[in-house]
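Letter by letter, the chains look like this.
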Amino acid sequence: MSQRPDMAVKVGGVELANPVLAASGTFGYGREYSPYLEPGALGGLVTKGVSLRPREGNPPPRIVETACGMLNAIGLANVGLEEFLKNKLPWLAEQPGAVVVNLYGESIEEFAELAKALGAAKGVDALELNVSCPNVKEGGMAFGCHPGAVGQVTAAAVAEAGDTPVWVKLTPNVTDLAPMAEAAAQAGARAVSLINTLMGMAIDARTRRPVLANVVGGLSGPAIKPVGLRMVWQVARAMKARHPEVDVVGLGGIMSGIDAAEYLIAGAGAVQVGTASFTEPGAAGRIAGELAEFCAQQGVARAGELTGSLHT
Amino acid sequence: MSQRPDMAVKVGGVELANPVLAASGTFGYGREYSPYLEPGALGGLVTKGVSLRPREGNPPPRIVETACGMLNAIGLANVGLEEFLKNKLPWLAEQPGAVVVNLYGESIEEFAELAKALGAAKGVDALELNVSCPNVKEGGMAFGCHPGAVGQVTAAAVAEAGDTPVWVKLTPNVTDLAPMAEAAAQAGARAVSLINTLMGMAIDARTRRPVLANVVGGLSGPAIKPVGLRMVWQVARAMKARHPEVDVVGLGGIMSGIDAAEYLIAGAGAVQVGTASFTEPGAAGRIAGELAEFCAQQGVARAGELTGSLHT
Amino acid sequence: MSASLKAKVLGNRPVGPQVHLMTLAAPAIAAKARPGQFVMLRVSPGPEPLLARPFSIHGVEGESLLVLYQVVGKGTGLLKEVAQGQELTMWGPLGRGFELGGDDPLLVAGGMGIAPLAFAAESLEQKGASFRAMFGIGSREAFTAWDAVSGDGDCYLEHWDWAAASEDGSLGREGLVTALLAEALDRRTGPVLACGPLPMLKAVARLCDEHGVPCQVSLEAPMACGVGACLGCAIPAKAGGYLRACQEGPVMDAALVDWGRI
Amino acid sequence: MSASLKAKVLGNRPVGPQVHLMTLAAPAIAAKARPGQFVMLRVSPGPEPLLARPFSIHGVEGESLLVLYQVVGKGTGLLKEVAQGQELTMWGPLGRGFELGGDDPLLVAGGMGIAPLAFAAESLEQKGASFRAMFGIGSREAFTAWDAVSGDGDCYLEHWDWAAASEDGSLGREGLVTALLAEALDRRTGPVLACGPLPMLKAVARLCDEHGVPCQVSLEAPMACGVGACLGCAIPAKAGGYLRACQEGPVMDAALVDWGRI
Ligand SMILES: Cc1cc2nc3c(=O)[nH]c(=O)nc-3n(C[C@H](O)[C@H](O)[C@H](O)COP(=O)(O)OP(=O)(O)OC[C@H]3O[C@@H](n4cnc5c(N)ncnc54)[C@H](O)[C@@H]3O)c2cc1C
Ligand SMILES: Cc1cc2nc3c(=O)[nH]c(=O)nc-3n(C[C@H](O)[C@H](O)[C@H](O)COP(=O)(O)OP(=O)(O)OC[C@H]3O[C@@H](n4cnc5c(N)ncnc54)[C@H](O)[C@@H]3O)c2cc1C
Ligand SMILES: Cc1cc2nc3c(=O)[nH]c(=O)nc-3n(C[C@H](O)[C@H](O)[C@H](O)COP(=O)(O)O)c2cc1C
Ligand SMILES: Cc1cc2nc3c(=O)[nH]c(=O)nc-3n(C[C@H](O)[C@H](O)[C@H](O)COP(=O)(O)O)c2cc1C
Ligand code: FES
Ligand code: FES
């Protein structure tokens, strides 16, 4: 067999021991999954989205299973900035692996305030701006669907985040992602993460009611992998041409090391594992291992070689 | 048990014996499936998209399976208008069930020319304009992603189609479907059909090549049902408010009578069954039967009662 | 500490027309399991159905775990087809179990609510603690594996020394278990531990509240992760906001729950 | 006329480490099946995997159909686990089979290409037609169900009276079946009927072309519908454009195929 591949990558301004992160909203604040993963198994994790004030989230039901996928309408429930800094971050900061804090504001000012507080906090390796959450009417959708808004939010966060790199998480519910990525890049984002969930809906035919209290929710899981791969490929090509300094972080339906490799080949510098963790709490660690095995089998010396290596 | 429900509906200007049609591109020109369905089992069918001249389509591979779905990049291969009128339509015209001809032009003029010829042809009950095919670069995508283009194409077809009702098939690969539906409605469409396929991609990690020769393809099947339901619900609400005379024809991942009922409840007047026919050639007929059974069990006297009956 | 493992199915047999008993080899989980806790169990190795299903721990036998389940849909429909020797992904034990410390507790089970409460009763017995227990079911037949035995069948619950109520009178008193509970409460009792369908739990919580008796209920909610991360399993809290069924529950003090919003 | 039905699995046994033989009850299909035709078979009742898999008809025994398949991926991996008595959705017979009318045809099978050609040979035998047949495999072991027998195992193909070539020399001549074919062509032969991996078919088509011998090949392509509707199974045509493997094929005149674009 070939030598152990070098899995370390540098993506979006962050050194990662391997290209596999856990995705926002599917891994809590990390500690929930600590019984199930070896320390250091992951390149890092992205926290549940943090907002300025605590949020209760939507009434239940909040989740429903669909064909090879699930819908969620959590409503961005989270403990809020203060509690996060006090009780969640300290534990995270002590763990191996990068800590990327996903954050969410209802206005540009809120994004800026969050970026300032979190950028200054010890143990935060990068910020990921959620401009794409489809569940909350007053902001998410609007920001992520207009290049102008993406640019403004990004610029405001970058200005306040100090040295902490800013990533922007894009929504797939748009006609063309490239202008959003371009706006983020121009405003100083170090990486764009995609995709967030596709907006969907489930109906109970017998009661003639929506299954989710919120009516619509975000579709995730293996069902959406083809859409995620296509968007990563398109955005990565655009970034390579115009902003080679901006990385793409790919996600959507990754269930195996081969899935992760596909995203890297499509152009991602790193990947995130979301819904897979619900099918097996150690999934993200297993996937990181499978990716290393894939590299070894294929004679890939450095994981980074895979990035953007698609022959078309 | 309750009485046999009345399954007949009038949708988009067409009387249908029941609300279940076979979807374009998945049912050929009808005859391919005649060994597998009872005559009259379906409300009707939508033909493979017809263009002015015959089209060879894309090089293979053209299809690939994905989680609970498939990608296709057929490239709108079809026999062309002349051959369709001469050798496909006559057989179709003799069958029970409505004949909706899906058509596709590379310019507004081509759409108009096709609408004129097909609108005048005996046995054509409605036209369905494919402004949404994601596979062909020179037209499809562009039309369906801009309300102005949707309006122009629709107006041109309506002007030439005579009394034959015009339906417009919308692409889901847009930020907001409502303006597209609005444009079609204002231009005289009698129905909007949604959704067409989501643009996606599959990669072979070992060869580092796209699986489809066309690189990207359209995602269909149960994986996309949540997206289709959400869009039908959104568009149906918009149409009800502003154009109650325009019907919605719902499709995307329908595999069972319950799935069909969900689309009706979300606001569709009729549904189309696509990929399901690949899992069982008699699927569309089975689904029509299951829908009738569902109505009977639920005490629904007329299938039309289901349309838009979602309680939110 | 919870564990995730591939558990070998040691047995999977009907104990009623729609109720099955599965035995799984899961030493790391069995060693930690406490009554009222649950496991997440995937019914298929592939992506469909995608999510694991939550099941109460019905009992522990050495290194194996018992799951008593009712076939209600796609997942449980597949589960009952699982053959001995197959391996299923499972993680646990999860959540907050019953507090068994109270004086002379009263266990109240409705239908499949028997699953966790049987485990609770066994624990109390092992501790030598005094307690009372009652269950209610629709009909005796629900727990009678007619096809697995000859003759008129054994009821899975019959040899238990629990007060019983059944809606059709085929087992114990005719009527609902809440009628038995109301009588017990009138005579005074220890804390109530309840699991069963939501309407029953609502009634139990109200009765206990009226009698000033502490009450723990085991609640259900759709779950994705089971470990407190996804926030999918929200239960409306009396104090406002939500509690996670998988973390602050599934067993909760009935007084913490906003029964009006549930 | 083709039929769609739920076919009961009557048998499903290994005839080699990765090769299995399935027998399915399918009277309506068996009655019409001709050599070279295929069926579409769904390996699961649920939506995953979604598409049916195409398999050549390996033979007909009364009202049942034989399918000889190799485990190569997800679908065939599930297929080999299917238990006797289960029902699978299947439709067929589909496509254009071999034209068996030629004088003294020569059957050339490579690997799993044996599946349709065995059926063709049987038909020719039944008709009392003279023909010759040859097959090539990697190694004898591929068709030896080591686990199903004791001792050194029986080769599924050994009792057939066909000329054989194997890459490791474990059965018949050492080498490729195309070497056998080349010799036969040098000595003159009837039309060639071939099925096997693409590189083999290319070589066969070229050899036949060089010798001016008519050649029918059975080709594979990813398929969704199997009935000519989806246009997924495109085979590049010499005349330009594409042929549908499921309709104009799977058996095609080798001269119609654009081997350069395939
Ligand atoms: C903590 C807890 C313990 C449980 N213990 C038991 C037990 O011991 N025995 C038993 O028979 N059942 C138990 N249940 C209920 C059991 O989880 C459901 O019956 C089962 O998930 C239904 O799955 P299905 O695929 O057959 O049904 P489907 O309706 O097809 O399931 C579809 C989806 O809905 C979810 N779902 C459906 N019903 C429920 C429900 N009642 N609660 C939570 N999620 C649901 C499933 O997880 C799945 O994601 C418990 C539930 C919880 C939350
Ligand atoms: C007309 C025809 C007859 C065939 N007859 C036989 C036979 O008798 N015995 C046998 O072992 N195999 C036969 N095959 C090949 C067989 O269909 C594939 O091996 C099988 O579909 C692989 O499925 P999988 O899920 O195990 O593999 P996967 O690679 O997981 O399949 C994924 C997808 O690719 C498609 N696919 C993969 N390989 C092929 C292939 N070679 N040809 C067509 N589609 C493919 C599958 O249909 C599926 O949609 C035939 C193929 C065709 C077209
Ligand atoms: C329950 C749940 C909660 C989520 N919460 C967030 C969130 O707070 N912020 C965010 O940016 N994305 C959130 N997401 C989206 C995921 O991070 C991810 O983008 C998406 O699920 C697609 O990846 P997957 O298919 O691997 O799950 C959430 C997803 C799920 C399923
Ligand atoms: C192989 C294939 C070919 C298709 N060709 C067409 C087409 O020619 N015109 C069109 O409007 N839609 C076409 N479609 C889209 C379907 O009509 C339908 O909108 C889509 O597949 C979603 O429905 P489903 O999930 O039920 O398949 C095609 C779909 C498939 C799978
Ligand atoms: S099930 Fe995920 S938080 Fe409770
Ligand atoms: S498989 Fe559909 S046309 Fe051949």
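Residues numbered from 1 in each chain as written. Chains lettered and ligands numbered in written order. Predicted model: local features only at pLDDT ≥ 70, side-chain atom pairs only at ≥ 80, totals over all residues. Heavy atoms only, no water.

Per the secondary structure count, chain A includes 9 helices and 16 strands. The globule rule puts the C-alpha radius of gyration for 312 residues at 20 Å, and the 18 Å found for chain A is close to it. The dimensions of chain A, computed from C-alpha atoms along their principal axes, are 55 × 50 × 40 Å. Counting every position in chain A, which comprises 312 residues, the buried fraction comes to 68%. Restricting to contacts in chain A with at least 6 residues of sequence separation, those with at least 24 account for 72%. Of the roughly 10200 Å² of accessible surface on chain A, 49% is carried by carbon and sulfur atoms. The positive charge centre, built from 24 side chains, and the negative charge centre, built from 29, are 5 Å apart in chain A. (Helix = DSSP H or I, 4+ residues; strand = E, 2+ residues; numbered from the N terminus. Rg over C-alpha atoms; globule rule 2.2 N^0.38 Å. Buried < 20%, exposed > 50% of the residue type's maximum accessible area, 1.4 Å probe, protein only. Contact = heavy atoms within 4.5 Å. Areas by Shrake-Rupley, 256 points an atom, 1.4 Å probe, with all protein chains shown as cover. Lys, Arg positive; Asp, Glu negative; His and termini not counted. Charge placed at Lys NZ, Arg CZ, Asp CG, Glu CD.)

This brings us to the packing of helix α7 (residues 257-266) of chain A against helix α9 (residues 283-298) of chain A. All names here are of chain A. Their axes nearest at 7 Å, the elements α7 and α9 cross at an angle of 70°. With respect to each other, α7 and α9 are oriented roughly perpendicular. Considering how the two elements wind past one another, α7 and α9 form a crossing that is right-handed. Contacts between α7 and α9 pair Gly257, Ile258, Ala260, Ala261 and Leu264 from the former with Ile287, Glu290, Leu291 and Phe294 from the latter. (Axes fitted to C-alpha atoms, helices over the stretch in contact; angles between N-to-C directions. Parallel < 35°, antiparallel > 145°, perpendicular 65-115°, else oblique. Left-handed = near helix turned anticlockwise from the far one by under 90°.)

Below, the discussion takes up the pairing of strand β16 (residues 270-273) of chain B. Residues and elements named next belong to chain B. Here β16 shows a buried face lined by Ala270 and Gln272 and a second buried face lined by Val271 and Val273. In this structure, strand β3 (residues 20-22) lies alongside β16, joined through 3 bridges in parallel fashion. When the sheet's bridge partners are listed, Val20 is paired in β16 with Val271. Taken together, the 3 bridges between strand β15 (residues 247-251) and β16 define a ladder with parallel strand orientation. By the bridge assignment, Leu251 is partnered in β16 with Gln272. For the crossover that starts at β15, traverses helix α7 (residues 257-266) and ends in the parallel β16, the hand is right-handed. (Pairing = 2+ DSSP bridges. Right-handed = clockwise from strand over helix to strand, strands pointing away.)

Our next topic: the nonpolar core. Counting residues in hydrophobic clusters, the biggest one holds 324 residues, and the most contacted among them are Val192 of chain C together with Val192 of chain D. If sequence neighbours within four positions are ignored, Val192 of chain C has contacts with Leu106, Val108, Leu181, Leu185, Val204, Cys208, Val213, Pro214, Cys215 and Gln216 of chain C. (Core = buried A, V, L, I, M, F, W, Y, C linked by side-chain atoms within 4.5 Å.)

Here the focus is the environment of Arg13 of chain C. Residues and elements named next belong to chain C. Residue placement: Arg13 occurs in strand β1 (residues 3-14). Residue classification places Arg13 among the partly exposed positions, given a relative accessible area of 47%. Along the primary structure Arg13 and Cys195 are separated by 182 residues, whereas in three dimensions their C-alpha atoms are 23 Å apart. Here Arg13 is in contact with Val19, His20 and Leu21, once residues within four sequence places are set aside.

Before going further, it helps to spend a moment on helix α1 (residues 81-94) of chain A. Taking 1.5 Å as the rise per residue, α1 of chain A with 14 residues should run 20 Å; its terminal C-alpha atoms sit 19 Å apart, in good agreement. Looking at α1 of chain A, one finds that the buried residues are Leu81, Phe84, Leu89, Trp91 and Leu92 of chain A. (Expected span 1.5 Å × (residues − 1).)

With that settled, the discussion passes to the side chain of Asn78 of chain A. Along the chain, Asn78 of chain A falls in the loop between β6 (69-72) and α1. Note on Asn78 of chain A: relative accessible area 5%, which makes it buried.

All names here are of chain C. Spatial strand order, β11-β10-β9-β8-β12-β13-β16: 7 strands in an open sheet with mixed pairing. Both outer strands of the open sheet, β11 (173-174) and β16 (251-253), are each paired with one neighbouring strand and no more. Note: strand β13 (residues 215-218) against β16, 3 bridges, orientation antiparallel. Counted as the bridge partner of Val217 is Met252 from β16. Relative to the sheet, helix α3 (residues 114-127) contacts β8 (106-110), β9 (132-137) and β12 (192-195), its axis offset from that of β8 by approximately 155°. Packing against the sheet, helix α4 (residues 177-186) makes contact with β8, β9, β10 (163-166), β11 and β12, and its axis sits at approximately 155° to β9.

A few words now on the interface of chain B and chain A. At the junction of the two partners, chain B supplies 45 residues and chain A supplies 45 residues. Contact with chain A buries area across many residues of chain B, yet Met201, Ile203 and Arg208 of chain B alone supply 19% of it, more than any other trio. The interface formed by chain B and chain A holds 0 salt bridges in total. Connecting chain B to chain A are 9 residue pairs in polar contact (both at pLDDT 80 or more). Looking at the side of chain B that touches chain A, the elements with two or more residues in it are β11 (198-201), β13 (209-210), β14 (216-220), α6 (225-242) and α7 of chain B. Sort the elements by how many residues they give to the side of chain B that touches chain A and α6 of chain B lands first, with 6 residues. Residues of the side of chain B that touches chain A, tallied by class, amount to 29 nonpolar, 10 polar and 6 charged. (Buried area = accessible area lost by both parts, 1.4 Å probe. Salt bridge = Lys/Arg side-chain N within 4 Å of Asp/Glu carboxyl O. Polar contact = N/O pair within 3.5 Å; in protein donor to acceptor, adjacent residues only side chain to side chain. Nonpolar A, V, L, I, M, F, W, Y, C, P; charged D, E, K, R; others polar.)

A separate point is the site of ligand 2. All names here are of chain D. With respect to spatial proximity, 21 residues lie near ligand 2, and among them Pro54, Gln70, Gly75, Thr76 and Glu220 are the closest. Ser56 places a polar main-chain atom, nitrogen or oxygen, 2.9 Å from a nitrogen atom of ligand 2. When isolated, ligand 2 has an accessible area of 830 Å², and the protein chains bury 80% of it. Elements represented by at least two residues in the shell around ligand 2 include exactly β4 (53-56), β6 (64-70) and α2 (74-79). Sorting elements by how many residues they give to the shell around ligand 2 places β4 first, with 4 residues. (Near = heavy atom within 4 Å.)

Superposition of chain B onto chain A requires a rotation of 180° combined with a translation of 0.0 Å along the rotation axis, giving an RMSD of 0.0 Å. With respect to symmetry, the two chain copies, as superposed, fit the operation of a two-fold axis. In this assembly the copies share their binding face: 100% of the residues contributing to the interface of chain B also contribute to that of chain A. (Least-squares fit on C-alpha atoms with pLDDT ≥ 70 in both.)

Residues and elements named next belong to chain D. Pairing is antiparallel across the open sheet formed by 7 strands, whose spatial order is β4-β3-β7-β1-β2-β6-β5. Of all the strands in the sheet, just β4 and β5 (59-61) have a single pairing partner and so form its edges. Each strand axis lies, on average, 40° off the axis of its neighbour in the sheet, ignoring direction. Bridging between β5 and β6 involves 3 bridges; their strand directions are antiparallel. By the bridge assignment for β6, Val60 is matched with Leu65.

A cluster of like negative charges, contributed by Glu61, Glu122, Glu125 and Asp161 of chain C, occupies part of the molecular surface. Inspection of the secondary structure puts Glu122 of chain C in helix α3. (Patch = residues over 30% accessible without salt bridge, like charges linked within 9 Å, V, L, I, M, F, W, Y side chains within 5 Å.)

A separate point is the confidence of the model for chain C. Of all residues in chain C, 97% have pLDDT values of 70 or greater, and the mean over the chain is 94. Scoring of the predicted complex yields 0.96 for pTM and 0.96 for ipTM. (pLDDT = per-residue confidence, 0-100.)

For the structure on display, the rule yields 16 aromatic pairs over all chains. Look at Phe27 of chain B and Tyr33 of chain B: their rings are 4.4 Å apart centre to centre, the planes differ by 5°, and that puts the pair in the stacked class. With a relative accessible area of 1%, Tyr33 of chain B lands in the buried category. An angle of 50° between the planes, with centres 5.5 Å apart, marks the rings of Trp160 of chain D and Trp162 of chain D as tilted. Exposure remark for Trp160 of chain D: the relative accessible area of 18% places this residue in the buried category. A network of ring pairs unites the aromatic residues Phe135, Tyr156, Trp160 and Trp162 of chain C as a single cluster. Sitting over the ring of Trp233 of chain B, Arg237 of chain B keeps its end group 4.0 Å from the ring centre. Over the aromatic face of Tyr242 of chain D sits the side chain of Arg261 of chain D, whose NZ or CZ is 5.2 Å from the ring centroid. (Phe/Tyr/Trp six-rings, centres within 6.5 Å; stacked < 30°, edge-to-face > 60°. Lys NZ or Arg CZ within 6 Å of the ring centre and 35° of its normal.)

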